[in-house]
Amino acid sequence: MKTINRAIAAAALAATALTAVVSAAQAETVLRLDEVPVGELDPAKASDYADSILMFNVYDTLVFAGQGKPGMVPDLASSWETDGTSFTFKLRDEVKFQSGNPFTSADVVYSLERMKALGQGLSYLFEDVTGAEAVDEHTVKFTLAKPYAPFLAALVRLPIVDKKLVEENTTGDDWGQAYLSTHSAGTGAYSVTSHNPQSETVMAKNPSYFQEMDAAAPDTVRLRYGLEAATVRTLVAQGEHDITSQWLPPEVLASLAKEGNQLLTEHGNGAFYIKLNTAKAPFDDVNCRLAVSNAFDYQSALKLIAVTPEVSQGKVPTGAIPAQMLGGFPDGEPLKQDLAKAKEFLSQCKYNPADTEVEISWIAEVPIEERFALLLQANMQQLGFKSKITKMPWALFVDAVTKPESTPNVSQVNVASVTGDPDTLLYGMYHSSAAGTWQSPEYLKDEEVDKLLDQGRAATSEEERAAAYTALNKRLMEIAPSIYAYDSQAVFAASNRVKVPALSDDSKRISLDSAGFQFRLMEMQP
C-alpha cells in the first residue's frame, strides 16, 4: 500500500512539475512584426527604417529623443556641456554591455572611429568631428572642426559598441564587420539570438538592462522581412502576427482595421515632396512654380492615402517644414487649393503653359505615386499645361537627377529627417551645394535659403535655430521649389495583444522615426 501511495505521490509531483513547465512556456510572450528587407544589423551601416528598429533595441546612444517632449535626453550619458565646437559628456558608470563587459569612454571613442573608418550608413553626420578623446573612464570629449548645432541630435545615430568584444572578433582590419553582421555587441534592452537579413531577426529581452523596462515587455521578438501584403493579412487573421509594417496599401490597412485590429500611428519627421526642377523651363520661373503649388488639390491628395475617415498616412501641411519640427508652423493654416491665386501667378509667368510639355515622373517601386502624378496632371490641366507621366525605376531616377538637363520637370519622393532635427531633412534638399541627388532634384540656388540653412547649423542657442528655420520655412513657401503634398504619418495595423503607447498616446510619442518601436516600452499579453 505504501508503495502504491509513493507511486501516486511521485506521479502527482511529476504532473505538477510538468504543469509548471508548460505554464512557464505559455507565459513567455512573443512579439511578431515585419519590415521590408534587408535588415542591416551592423550599427555603423544602419540607415533605413528596418535597420533603425534593430539599432534602437540592440544598442544605446549617448543621448536620445525625449518621450512626449521635444529635444534630447540623457541615455548612456548622464550630462553634457558644449562651447560650440566641443562637446563633453559624463557617462553613466553602472552600465554593462550584454557580454558583461563594463561600458566606458573607450567604447565611445572606438564606436566613432569605427563608423568614420567604415564610411557607410549615416557616417556623413560626423564628417566635421575631428576627434574624440577619453578624458577619463567615464568622460568623453568630441571636438568639431566648426560649430555644428545639430551634432547633439546626430548622436542618436552613433550606437555604442562593445570595443573589447568586437576586437576579440576582428579579422585583420575589418573592424569586426563579419562578426557584427550576425551578432549584437550593445548595451541595449534586447540581444540578437539569430539573424538572417533576408528573412528574420530574433531578439531576446536583456534581463540586466540599465533603464526602465515595462514588466509586460515581450520576452522574444521576431522581426520578419519582406512579407507580402496578402501573407501579412493571413497571419494577422490567424493570430500569428502582431504589428504590420507601414508600407501596406491604405485599403489593406483599412481592411485589417475593419476586422477589429487597432491602428497605430507615428508622426513622421518628413513629408511627401513633389519636386520642381528650377533649372529648366517652365519651373525656372518662380511664378510658374507658385501657380502649380496653388493649383494642387491638397485635400484630394490626402484622400488618396486615407486608411479610414479618421486615420491617414499623411496630414495636410502648414508649410515647407512639418508642423511638429523646429521651424514648423504648428498653428498655421493647412495648405489648400486656390485656383484664383494660381491663375494670378500664372499670368505673371514668362511661359505660356500651352507651349510647354511638363514631364511628371513617379517611382516604379512605389505604385501609389502614380495616383499623385495623375492628380497633379489634372490640376495642371486646369491651368492649361500639357504634361506626360513617366514611370521611372528608382535606379534610373537616381542616375537621371545627377544632371539638371536629364532631371524630370516634376519628381516625387518621401524625405525624412534621420535624426529628428530639421538640418538632416532640409540641408540635403535645398542647400545649393547639395543639388544633384535623389533628395535635391530641384537644383535650387537661392542665397537666402543657403544663408538660413547655414545659420541653422551654426547657431549656438535653440532660440536662434528656431528663428532661422522659421524664416527658412517662410522663404521656401515664397519661392516654391517643391509642392509640399503632405506631412508624413506612418500607419501600422496591430493585433489587440500588444499595446504600444509610443505609437498611440501623444504624451508618450518620440519625435524620431522608428523610435516608437522600442520593444521595452511595449506591453504584450500572453
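Residues numbered from 1 in each chain as written. Predicted model: local features only at pLDDT ≥ 70, side-chain atom pairs only at ≥ 80, totals over all residues. Heavy atoms only, no water.

### What to know about the side chain of T419
Structurally, T419 can be placed in the loop between β15 (410-416) and α14 (423-430). With a relative accessible area of 2%, T419 lands in the buried category. Within the structure, T419 has its side chain in polar contact with the backbone nitrogen of D421 (distance 3.2 Å). A polar atom in the side chain of T419 sits 3.0 Å from the side chain of T424. Beyond its immediate stretch of four places on either side in the chain, T419 contacts M72, L125, A153, A154, V156, R157, T424 and L512. (Helix = DSSP H or I, 4+ residues; strand = E, 2+ residues; numbered from the N terminus. Buried < 20%, exposed > 50% of the residue type's maximum accessible area, 1.4 Å probe, protein only. Polar contact = N/O pair within 3.5 Å; in protein donor to acceptor, adjacent residues only side chain to side chain. Contact = heavy atoms within 4.5 Å.)

### So, the confidence of the model for the protein
Of all residues in the protein, 95% have pLDDT values of 70 or greater, and the mean over the chain is 92. Taken together, the stretch residues 7-25 has pLDDT below 50 and engages in 0 contacts with residues farther than four places along the chain or on a different chain. (pLDDT = per-residue confidence, 0-100.)

### Describing the packing of aromatic side chains
Within the structure shown, the criterion is met by 20 aromatic pairs. Relative to W247, the ring of Y49 has its centre 6.5 Å away and its plane inclined at 85°; by these criteria the two rings are edge-to-face. Here W247 lies in the loop between α7 (229-237) and α8 (250-258) and Y49 lies in helix α2 (residues 49-58), a separation of 198 residues in the sequence. Feature note: the residues W80, F87, F89, F126, F142 and F151 constitute an aromatic cluster, connected by ring pairs. Here the guanidinium or amino end of K275 rests over the ring plane of Y273, the centre of that ring lying 5.1 Å away. Of note, R457 hangs over the ring of Y427, and the distance from its end group to the ring centre comes to 3.5 Å. (Phe/Tyr/Trp six-rings, centres within 6.5 Å; stacked < 30°, edge-to-face > 60°. Lys NZ or Arg CZ within 6 Å of the ring centre and 35° of its normal.)

### Notes on the pairing of strand β13 (residues 357-363)
Among the 7 residues that make up β13, 6 are buried, leaving the element largely enclosed by the rest of the structure. On the question of chirality, the crossover connecting β13 to the parallel strand β14 (residues 386-392) by way of helix α12 (residues 369-381) is right-handed. (Right-handed = clockwise from strand over helix to strand, strands pointing away.)

### With respect to the pattern of salt bridges
Taken as a whole and assessed by the stated rule, the structure comprises 15 salt bridges. Ionic pairing is found between D421 and R465, a salt bridge with its closest N-O pair at 2.8 Å. With D421 in the loop between β15 and α14 and R465 in helix α16 (residues 462-479), this residue pair connects regions lying 44 residues apart in the sequence. Note on accessibility: D421 and R465 belong to one class, buried. Put simply, D446, E448, R475 and E478 are held in one network by salt bridges that share partners. (Salt bridge = Lys/Arg side-chain N within 4 Å of Asp/Glu carboxyl O.)

### Remarks on the sheet that holds strand β5 (residues 86-91)
Read from one edge of the open sheet, 4 strands run β4-β5-β7-β6, paired in antiparallel fashion. Each of the sheet's edge strands pairs with one partner strand only, and the pair in question is β4 (77-82) and β6 (129-136). Recorded for the sheet is a direction-independent mean angle of 20° between the axes of neighbouring strands. By the bridge criterion, 6 bridges tie β6 to strand β7 (residues 139-144) in an arrangement that is antiparallel. For G131, the partnering residue across the bridge sits in β7 and is T143. (Pairing = 2+ DSSP bridges. Axes fitted to C-alpha atoms, helices over the stretch in contact; angles between N-to-C directions.)

### Observations regarding the layout of surface pockets
Computed from the structure, the second largest pocket encloses a volume of approximately 920 Å³. Lining the second largest pocket are 43 residues, and of these P70, G71, M72, G420 and E462 lie nearest its centre. Among the secondary structure elements, those contributing two or more residues to the lining of the second largest pocket are β4, α4 (151-154), β11 (262-276), α15 (447-458) and α16. For the lining of the second largest pocket, the element with the most residues is β11, which contributes 4 residues. For the lining of the second largest pocket, the residue count by class is 19 nonpolar, 14 polar and 10 charged. (1 Å grid on protein atoms, 1.4 Å probe; cavity = no way out; pocket = protein on both sides within 12 Å on 5 of 7 lines; lining within 4 Å. Points joined across faces, edges and corners; volume = space filled by probe spheres on them. Nonpolar A, V, L, I, M, F, W, Y, C, P; charged D, E, K, R; others polar.)

### Comments concerning empty space enclosed by the protein
Within the structure shown, the criterion is met by 2 cavities of 30 Å³ or more. Space inside the largest cavity adds up to approximately 50 Å³. If you go around the largest cavity, the residues you meet are P43, A44, S111, R114, M115, P159 and V161. Tallied by class, residues from the lining of the largest cavity come to 5 nonpolar, 1 polar and 1 charged. The space that makes up the second largest cavity amounts to roughly 30 Å³.

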